[in-house]
Amino acid sequence: MWQRFTWYDVRVIGHYLGMLVLFSSVALIVPLVTAIVFCEWIPASHYLLSIGLSLIVGSALRFLRIEPGRLNRQQALVVTGLAWVVLAFMATIPLYLSGHYNTFLDAMFDGVSGITTTGASIISDLDHLSYADSMWRFIMILLGGLGLVVVALSFGLFGKRSGASLYMSEGRSEHVVPNIVQTAQFIAKLSLGFICVATAVLAVMCAFAGMEAPRAFLNGLWLAISSFCTGGFTPMSTSILYYHSFPIEVVLMLLMIIGSVNFVLHSELWKGHLNVYFRDMEIRTMFIWIVVMTLVFAASVSASSDFSNLATMMRRGVFLIVSAFSTTGFQNVTTNQLTTSLTSGAFLVIAALMCVGGGAGSTSGGIKFNRMGLIIKSLVATVKETLAPDSARVVVSYYHLGRRILSPEVVKQAMTVFVLYVVTYAVGALVGIAHGYDATQSIFESVAMASNGGISSGVCSQGMPASLELFYMLEMWAGRLEFLTLIALIVEVVVTLDPRRVVRSRLVRRS
Amino acid sequence: MMRKGMAAAALALALALPAFACPQAAFADEPAEGDNAVNVTQLPDSSFIYDTSITDLSTADTYYDKQTVQVTGEVVGDRITAGDGRHCWLQLASPSDSSTVSVYLTNESADKVDTYGAYDRKGTTLQVRGTFNLACPDHDGASDLHAQVVTVTEKGKATPDEFDINAFIPGMVTVMIGLAMMVVFYLLRERQR
């Protein structure tokens, strides 16, 4: 039986959403300070207004329930699902005020893309965007990459007990330490540590490349955030091609790979458990998948006249592969080159890499390596059962933070999410085709949106149909929440608003 | 009627004039003498496309590859060193839309740029003539334009924001309302406890 939300549930959900919106007003202080430092007075006024609006909306939502009590699992699912919409909406306000978007929907597209770390953008004249607005774009990536709930939990916003439900509903299930708040804090600290070191390295490289000191620092910071959080936004319109620097590309590749590995495995590495790290099914699946896809990519691209020489293949190809599998979305080729210089085979290999994505519990999107590993293990188990005598009991195990037995529940969960991703990719491709776009590009774009990969083949651009824009936003949102939270949210809302159920419940109450 | 007649006469004159002015044009197959000689073995040269837009280059197919083109646009971003000490990279943005092209040029040519376009700056407008590469073999497949001739068509200028307190009033009002709501919420919660 579907459980219907009561008015009490709505008020509790509203209260917690209000807390998250209030928290976003703190994040908005960063671009405000940036604007003041660089004397960007018009953006400064926009950010002050956005902070004020966040305070009003957040406080109004909190008034729905003064003493909310603890969140139960259903409420936590809805809070998490709606948080990504409400915060994307609030984040869109300063973006729209920047004047770099034709419509509010275009700005909302970039807001959703930033928060979900997709990285696709339809901004106009990015090269003239203020530092404050650029800073806000990367703060969105940082919040979204770590997870809105993880960030809020690390600040102790929800307490320990409510936190567990919220943590699970954001697509995370593994704990570094048993305490959920400490786990969130570990993730936040680890990420900030990597970002700080990477910022210093990249800022020096940018300065050597010829940038002035403030621009070198900001570019270093933004690139570090975007690569570690596998976001994909860049400060300049030509993405990573702008820097024309192989050393910068190498550092970014390292950061993207680190960002796409499960945070729990990072903690094992931190503890010095190298054996646990390299024996893990996820790491091994990742290694095999990337080697196979790199070989296919190289074979395919060698037929291309532009990218067939070894130096070009190594420089452009390897970077694209890392950017695609980590679902970052950086490009060191132009969008035009993707569709004209690459072979269609290589183009589809990039789509396949985005489709699978990175490690579970990382900042990457996509189906995830652990699910692929589990599904392959399940295939092995099925073949073994077919070949084994009737009396035999087949047991298949896998290594993930210790040896585990492959259970039907684990396989069912992995298969469910796998099927949901594949269906979404297919539906998104059909929606693109129905809007008159080329089939290959539609498939590529749909995968890029739902996997939060963000490498665009050119379909996402200013003036794209609003219906397609909305569908892609839904794909980004669904992909980031790994579907189950979103589906649960939709079911809860439909069941709650269904008039037949409302009447029935009133009749039950009267009798 | 009168105007139409005059136009027809002008057209006839325009067509007839070249025949009188350069009689050899009617006999182009016959070699002329001196510097004006027509080389009948000359193959058609299609490697020169004049006044291309940056938008065309950003959506270019193989037709534009290795062609000499001329584009005009605003310099945005930074001057990125190319590593050899003699060349650098500039980003040239289209005046009509967001499209850009990477220009590879000598440091002497880049010295002509006085302003690099950004939020509060309009960059120098350059006219660049050079060879467009869809995937440059010298730069590991980057799509670029190797500049041969660089001309400044318009100087850049700074356009800093002026501080206007009136622009901050809506923000200050909303922040004060928001803070007041937070204080009221806090008081209500304390009263309930």
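Residues numbered from 1 in each chain as written. Chains lettered and ligands numbered in written order. Predicted model: local features only at pLDDT ≥ 70, side-chain atom pairs only at ≥ 80, totals over all residues. Heavy atoms only, no water.

Please explain the overall build of chain B as it appears in this structure.
Secondary structure summary: chain B contains 4 helices and 7 strands in total. With 193 residues in all, chain B has 37% of them scored as buried. Sequence-distant contacts, at least 24 apart, represent 49% of the contacts inside chain B between residues at least 6 apart. Total accessible area computed for chain B in this model is approximately 11,800 Å², and 59% of it derives from carbon and sulfur atoms. (Helix = DSSP H or I, 4+ residues; strand = E, 2+ residues; numbered from the N terminus. Buried < 20%, exposed > 50% of the residue type's maximum accessible area, 1.4 Å probe, protein only. Contact = heavy atoms within 4.5 Å. Areas by Shrake-Rupley, 256 points an atom, 1.4 Å probe, with all protein chains shown as cover.)

Quick question: what am I supposed to make of the interface of chain B and chain A here?
Interfaces are often sized by the accessible area lost when the parts come together. At the junction of the two partners, chain B supplies 49 residues and chain A supplies 54 residues. Buried surface at the junction of chain B and chain A, both sides included, amounts to about 4,200 Å², of which 61% is carbon and sulfur. Of all residues in chain B, B:Tyr119, B:Asp140 and B:Phe185 bury the most surface against chain A, accounting for 16% of the area lost on that side. Linking chain B with chain A are 2 salt bridges, by the criterion used here. (Buried area = accessible area lost by both parts, 1.4 Å probe. Salt bridge = Lys/Arg side-chain N within 4 Å of Asp/Glu carboxyl O.)

Before we go on, may I ask you to explain the pairing of strand β1 (residues 67-81) of chain B in this structure?
Here is the key point about a regular strand: its side chains alternate between the two faces of the sheet. Residues and elements named next belong to chain B. Judged by how many residues are buried, β1 sits mostly within the fold: 12 of 15 residues are covered. Where β1 lies against strand β5 (residues 125-133), 8 bridges are found, and the strand directions are antiparallel. Bridge pairing in β5 places Gln70 opposite Arg129. Where β1 meets strand β2 (residues 87-93), 5 bridges bridge the pair, whose relative direction is antiparallel. The residue of β2 that forms the bridge with Val75 is Leu92. Hairpin connection between β1 and β2: a loop of 5 residues separates the two successive antiparallel strands, and Gly83 in this loop has a positive phi of roughly 100°. (Pairing = 2+ DSSP bridges.)

I keep staring at the sheet that holds strand β3 (residues 100-106) of chain B and nothing clicks. Help me out?
Across a sheet, strands are paired by hydrogen bonds formed along the backbone, either parallel or antiparallel in direction. Residues and elements named next belong to chain B. Reading around the circumference, β1-β2-β3-β6-β5 is the order of the 5 strands in this closed barrel, with mixed pairing throughout. Direction aside, the axes of adjacent strands within the sheet are offset by 55° on average. As paired strands, β5 and strand β6 (residues 144-154) are joined by 9 bridges and run antiparallel to one another. Bridge pairing in β6 links Gly130 to Ala147. (Axes fitted to C-alpha atoms, helices over the stretch in contact; angles between N-to-C directions.)

Would you mind showing me how to read empty space enclosed by the protein here?
If a probe as big as a water molecule is rolled over the atoms, it shows which places are left empty. All names here are of chain A. One pass over the full model with this rule turns up 1 cavity of 30 Å³ or more. If you add up the space inside the largest cavity, you get close to 110 Å³. If you go around the largest cavity, the residues you meet are Leu20, Phe23, Ser24, Leu28, Leu87, Met90, Ala91, Ile115, Trp136, Leu143, Leu148 and Val151. Elements supplying a minimum of two residues to the lining of the largest cavity: α1 (7-27), α4 (73-97), α6 (131-146) and α7 (148-154). (1 Å grid on protein atoms, 1.4 Å probe; cavity = no way out; pocket = protein on both sides within 12 Å on 5 of 7 lines; lining within 4 Å. Points joined across faces, edges and corners; volume = space filled by probe spheres on them.)

Looking at this structure, how should I read the side chain of A:Ser98?
You can see A:Ser98 is positioned in the loop between α4 and α5 (104-115). With residues near it in sequence (within four places) discarded, A:Ser98 still touches A:His46, A:Leu129 and A:Asp133.

I keep staring at the nonpolar core and nothing clicks. Help me out?
Core analysis: the largest hydrophobic core is formed by 154 residues, its most contacted members being A:Phe109, A:Trp136, A:Leu252, A:Leu342 and A:Ile350. Excluding its chain neighbours within four sequence positions, the residues that come into contact with A:Leu252 are A:Leu202, A:Leu223, A:Ser227, A:Ile240, A:Phe319 and A:Phe330. Listed in part, the 22 residues of the second largest apolar core include B:Val69, B:Val75, B:Leu90 and B:Leu126. (Core = buried A, V, L, I, M, F, W, Y, C linked by side-chain atoms within 4.5 Å.)

I'm lost on the confidence of the model for chain B in this one. Help?
In low-pLDDT segments, the atomic positions of the prediction should not be examined closely. All names here are of chain B. With 74% of its residues at a pLDDT of 70 or more, chain B shows a mean pLDDT of 83. When the criterion is pLDDT under 50, residues 15-31 qualifies, and its contacts beyond four places in sequence or with other chains add up to 5 contacts. Here the predicted complex scores 0.88 on pTM and 0.86 on ipTM. (pLDDT = per-residue confidence, 0-100.)

Please clarify how unusual backbone geometry should be interpreted in this entry.
Residues other than glycine predominantly adopt negative phi, and peptide bonds predominantly adopt the trans conformation. Residue and element names in this part refer to chain B. Positive phi is not limited to glycine here, since Lys66 has a value of about 65°. Locating Lys66 in the fold gives a position in the loop between α2 (54-58) and β1. Positive phi, normally seen in glycine, also occurs at Asp140, with a value near 50°. Summarising the element assignment, Asp140 is placed in the loop between β5 and β6.

Would you mind going over a nonpolar patch on the surface with me for this structure?
Residue and element names in this part refer to chain B. Taken together, Phe163, Ile165, Ile169, Met172, Val173, Met176 and Ile177 make up a surface patch of nonpolar side chains, about 640 Å² in accessible area. Within the fold, Ile165 resides in helix α4 (residues 165-192). Given a relative accessible area of 45%, Ile165 falls into the partly exposed group. (Patch = residues over 30% accessible without salt bridge, like charges linked within 9 Å, V, L, I, M, F, W, Y side chains within 5 Å.)

Looking at this structure, I do not really get the packing of helix α3 (residues 41-62) of chain A against α4(A). What am I missing?
Each pair of packed helices can be described by the angle between their axes along with the distance between the axes. Residue and element names in this part refer to chain A. Contact geometry of α3 with α4 gives a least axis separation of 10 Å together with a crossing angle of 155°. Relative to α4, the element α3 lies roughly antiparallel. Note that α3 runs across α4; the crossing there is right-handed. Between α3 and α4, the residues in contact are His46, Tyr47, Leu49, Ser50, Leu53, Ser54 and Val57 and Met90, Ile93, Pro94 and Leu97, respectively. Taken together, the residues of the contact of α3 with α4 sort by class into 8 nonpolar, 3 polar and no charged. (Parallel < 35°, antiparallel > 145°, perpendicular 65-115°, else oblique. Left-handed = near helix turned anticlockwise from the far one by under 90°. Nonpolar A, V, L, I, M, F, W, Y, C, P; charged D, E, K, R; others polar.)

It is not clear to me how the state of the cysteines should be interpreted in this structure. Could you clarify?
Here, the word disulfide means a covalent bond between the sulfur atoms of two cysteines. All names here are of chain A. One pass over the structure, following the stated rule, counts 0 disulfides over all chains. This cysteine, Cys206, is not joined by any disulfide, and Cys196 carries the nearest cysteine sulfur, 16 Å off. With relative accessibility at 0%, the residue Cys206 sits in the buried group. Counting only cysteine sulfurs, Cys355 is the nearest neighbor of Cys460, a cysteine outside any disulfide, at a range of 17 Å. (Disulfide = S-S within 2.5 Å.)

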